[in-house]
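# Residue-level structural notes
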Amino acid sequence: MLTAVNPTLIAGMERGQMQALLAEGRVLNLPRPREVLRQGEPADGVYLILKGRIEVSFIDVNGNRVLAHLAGPGEAMGEVEQFSGRTCAATCTTMANTTVLIVDAALLLRHLAPDLLLRNIADIFHDRLTRDNRLQSLAMFYGAEDRIRIHLLSMTSIEAPDVQLSQTELAGFAGCSRQTVNKTLAQLRDAGIVQMGRGAIRVLDRVRLENAHCGNDRIVLDNSIFRIPEDLR
């Protein structure tokens with residue numbers, strides 16, 4: 001199971017070590033959403049996503065709930081807090097039908113060489129910095145309708161065209177109103193580009209979604225914007 005997902009946090013770990021990690025860790029199958037880490041509280045472990053998704057959100061100083069990331073298979077949640085001893089920077093809530101492996105810092109250090117673990121954590125931080133830069137670019141240079149379609153593209157792939165996501169959640173990621181999401185999705189649906197179900201969106205035509213700019217000029221997007229993260233492929 002770990003080999004198939006290949007989490008970045010334990011990249012380079014030998015098969016025997018992976019088996020030991022699985023044997024000593026705790027696999028949790030969660031058919032319904034559950035809050036596994038809470039902002040401002042200690043992390044009870046590191047959550048490696050084996051299947052499904054985890055929604056990462058935080059409450060800002062004004063009490064606004066901000067959706068920060070939708071983590072997929074291979075990603076780790078809570079590793080920073082486990083090794084730093086600090087409280088959770090965000091709240092992590094599993095989506096339906098998610099499976100996680102729960103380990104702690106001591107267990108990781110017992111089965112993974114410190115220099116390899118350090119490199120893997122640095123890789124994770126680099127990916128997060130790249131993602132944050134990409135999101136800042138979206139917020140500064142793209143309109144709401146374009147942000148919606150770009151997030152749909154980044155959360156899906158040709159092999160996995162479906163994303164379990166409500167319109168309210170998509171509005172949170174795109175930084176716009178639910179009404180704007182509803183209007184944009186309705187236009188895309190009527191054009192045969194997406195299909196909508198209860199709490200789910202399916203991309204039917206990725207090429208047309210990339211070109212479905214609401215203005216008169218076609219926007220040419222950098223490949224890094226549309227790069228599908230390894231964990232979501």
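The sections below set out a description of the structure shown in this document.

Analysis parameters
- Residues numbered from 1 in each chain as written.
- Predicted model: local features only at pLDDT ≥ 70, side-chain atom pairs only at ≥ 80, totals over all residues.
- Heavy atoms only, no water.
- Core = buried A, V, L, I, M, F, W, Y, C linked by side-chain atoms within 4.5 Å.
- Buried < 20%, exposed > 50% of the residue type's maximum accessible area, 1.4 Å probe, protein only.
- Helix = DSSP H or I, 4+ residues; strand = E, 2+ residues; numbered from the N terminus.
- Contact = heavy atoms within 4.5 Å.
- Expected span 1.5 Å × (residues − 1).
- Pairing = 2+ DSSP bridges.

Counting 23 residues, the largest nonpolar core has L152 and L170 as the members making the most contacts within it. For this core, the elements supplying multiple residues, two or more each, are β5 (65-71), α6 (144-155), α7 (167-174), α8 (178-190) and β11 (200-203). At five residues, the largest contribution of residues to this core is made by α6. If sequence neighbours within four positions are ignored, L170 has contacts with I148, H151, L152, L165, V181, L185 and I201.

Right, let's get into α6. Count 3.6 residues to each turn of an α-helix, and residues three or four apart come out pointing the same way. With twelve residues, α6 should cover 16 Å at 1.5 Å per step; its first-to-last C-alpha distance of 17 Å lies within 8% of that length. Extensive coverage of α6 is indicated by the burial of eleven of its twelve residues. For α6, the full list of buried residues reads A144, D146, R147, I148, R149, I150, H151, L152, L153, S154 and M155.

In this structure, strand β10 (residues 194-197) lies alongside β11, joined through four bridges in antiparallel fashion. Across the sheet, the residue bridging to Q195 is R202, located in β11. The antiparallel pairing of β10 with β11 creates a hairpin that spans two residues between the two strands, and G199 there sits at a positive phi of about 70 degrees.

What follows covers the sheet that holds strand β6 (residues 76-77). An order of β1-β8-β3-β6 is seen for the four strands of this open sheet, with the pairing classed as antiparallel. Each of the sheet's edge strands pairs with one partner strand only, and the pair in question is β1 (26-30) and β6. With two bridges joining them, strand β3 (residues 46-51) and β6 adopt antiparallel strand pairing. The residue bridging Y47 from the neighbouring strand is M77, located in β6.

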